Structures are given as C-alpha cells and as structure tokens.
Protein chains: 2
Amino acid sequence: MAIFSKTCEYAIRAVFYIAHKSAAGTKVGIKDIATGIDSPELYLAKILQDLSRKGLISSAKGPNGGFYINEASLNRPISDIVEVVDGNNLFYGCALGLKQCSEINPCPLHEQFKAIRSQIHELLDNTTINGFNEELMNGLLSLRK
Amino acid sequence: MAIFSKTCEYAIRAVFYIAHKSAAGTKVGIKDIATGIDSPELYLAKILQDLSRKGLISSAKGPNGGFYINEASLNRPISDIVEVVDGNNLFYGCALGLKQCSEINPCPLHEQFKAIRSQIHELLDNTTINGFNEELMNGLLSLRK
DNA sequence: ATAATAAAAGACAAAAATATCTTTTATTAT
DNA sequence: ATAATAAAAGATATTTTTGTCTTTTATTAT
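Residues numbered from 1 in each chain as written. Chains lettered and ligands numbered in written order. Predicted model: local features only at pLDDT ≥ 70, side-chain atom pairs only at ≥ 80, totals over all residues. Heavy atoms only, no water.

All names here are of chain A. By volume, the largest pocket amounts to about 250 Å³. Considering the residues around the largest pocket, the lining is formed by 15 residues, among which Asn89, Cys94, Gly97, Leu98 and Lys99 are closest to the centre. Among the residues making up the lining of the largest pocket, the classes are represented as six nonpolar, five polar and four charged. (1 Å grid on protein atoms, 1.4 Å probe; cavity = no way out; pocket = protein on both sides within 12 Å on 5 of 7 lines; lining within 4 Å. Points joined across faces, edges and corners; volume = space filled by probe spheres on them. Nonpolar A, V, L, I, M, F, W, Y, C, P; charged D, E, K, R; others polar.)

Looking at DNA strand D, there are 25 residues lining it, with Thr7, Tyr10 and Pro63 of chain A together with Lys46 and Ser59 of chain B nearest. At a separation of 3.4 Å, a phosphate oxygen of DNA strand D approaches a polar side-chain atom of Asn64 of chain A. For DNA strand D, a base oxygen lies 2.8 Å from a polar atom in the side chain of Lys46 of chain B. Contributions of two or more residues to the surface near DNA strand D are made by helix H1 (6–23) and helix H3 (41–53) of chain A together with helix H3 (41–53), strand E1 (58–60) and strand E2 (66–68) of chain B. Take the surface near DNA strand D: its biggest share by element is four residues, from H3 of chain B. Among the residues making up the surface near DNA strand D, the classes are represented as 10 nonpolar, nine polar and six charged. (Near = heavy atom within 4 Å. Polar contact = N/O pair within 3.5 Å; in protein donor to acceptor, adjacent residues only side chain to side chain. Helix = DSSP H or I, 4+ residues; strand = E, 2+ residues; numbered from the N terminus.)

Structure (structure tokens):
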C-alpha cells in the first residue's frame, strides 16, 4: 500500500507541474502534462476536471487554452489536493478501519497513530503548492519516473 | 485512503484477537474470530491462511482445532504483519509513486516523507503483537466497529 | 461564419481488491 | 473404521479503482 491513491499521486504531480508552468505565466495542455509527469493522458484529464470543478486549478478551452493555477491557489496547501482526491481518512481515520474508534473507545493502535496522523496532516498543511517551486525550477526535483 | 489496505486491517485485528485468546491458552475458530473483529468470515479465512503459510500464526485442523500464536510469534512486531499483507511500500515507497525517487533523484516531497515513513516503520517495528494485550485484556480496547 | 483547438462530459473497459461458494484434506472422538 | 469438526484450497462473483474511447461544448483565429 502507498500513502496516497494512484489518482492522488497523479493529481499532486500534475498540480506541481502546472504550478511550475504557471509560475512562468504559461497555460499547459493535458498532453504536455501527461507526458511531463508520465501518466495516462485521458485518466489524468478526468482527475484535472475534478480538481478544476473543485476550484483548485483553472482551465481554459480552445486555442491557447490549457490548465493553469492562479496566485491564490498557488499558496494553498497540498492537503487540499489530498482532501479533494482521497478524502480526509488519512488525517482522521482509524488505522485499523474501525468506525467507532475514538479517544473514549480506542483501537489498540489509536494513541500511536494519532501522532503519525497529525504529523502527516501538519506536513501537508504546511507545504504549499508553490513551496517547492524553486528547487523544481532548478531541475533538482523529479516528477517523472 | 487509509494507511493500510482493508485486508491488512482485518489481518492486524485478527492477529490481535488470536493473540488475546492465545494468551489464555485457547485456540480460536475462524467463525469466532470473524465475529470478534466484525469481518467477512470467508475472506478472513483466506487472509489467515496466508499469514499461516508465512509462519506468522499457527493453525490446527479438526475438532478442537483453530488458530493460535506461539510465544515466539507473540513477540514479533506488527510491521511483520504489514509487510506480509501490504508489502514494504509504506516504509520505503515514494509518496508520489515515482520508481526512481531517491536521495539523488528526489521527488518534491522526498525529504518530508522520509521522516514520516521512518516514524511509521519505527512505530510498527517497536510494537509487538502482544504489546497491547494487557489493555485489551481489561476490555479497554476495541477490535470491532 | 468557419475551421481548428482544447477541455468537459458521458459511456465503456480492464485490472485489482474485496467477498463468497464449493470441494478437499487433516484431525479428533466415538 | 466412521462421523464430525475445522482449516486449506480452488473457483467464482462483486465492487472499486484505474484507464480508454467517443461525443459535445467553449474559445480563438482566420
């Protein structure tokens, strides 16, 4: 098991890619993105449609169209992407999948995972979409392979 | 997305349940376990067959048979269950699903998740199967709902 | 207005995860 | 030996996730 669903992995990588291009002021087409992050084009299209509907990214149809991210969204945390795609189970769900698990009715791993979960949440909350851009800019980071 | 697959959630809960019974010296049948942890009986049977083949738990056929855990296995870490069922991706895999992600070729979240991953690994490595038994014994912990 | 471009939308397909059903094998008690 | 018990094994079914194909809508440039 991975931390994120495949859909979410694509989503984050795509948003990073779009953000990278948006920082340079250009819109970017789905083909370009799919190639840039090595994902299935038409599946990614669905994902981006969803992110677009939810207001995380923007898009424009027609010639010179494509996906882009405005200044405000660039400063949103990565946790927003995760929540939209994978929900908040990673942040709040019981590690053993118990619906009633809580402080009062804890599962055997409740205390231990409380710490882990809050750290993941904090990390994703404190990392903004453009937070990594400088490094990505310098070609020091990878979004493919 | 949850941290563990559903299969792994069932596996951990079942092993805890068996351990709890084994501490009292009794074998426990699949029906009992399935009821005890609220999981689909026949699916759980498959999972336990697997854990048994891998040597994490033991089983005996026939009357008075059932599943149990020996002393040695009781002291194994929970990470062993996770590795058997979900593999080691949670401990070593890239958060963004990139195969080539590494110290030399890091994904944008590499550094941040390195810390998280090692904490999860450490936690599961340092928690033994019977580590929680006392609390479970006192009915302070839940494996259902 | 028309043609070209590019995303949106809807339907469909394949693969993986989860769940169930049936038959077989091993063990125990009678 | 036989019947009863309980897990193992194999086959099948369902659901969810991932991926693809086709048609439609919006925008731009000519």
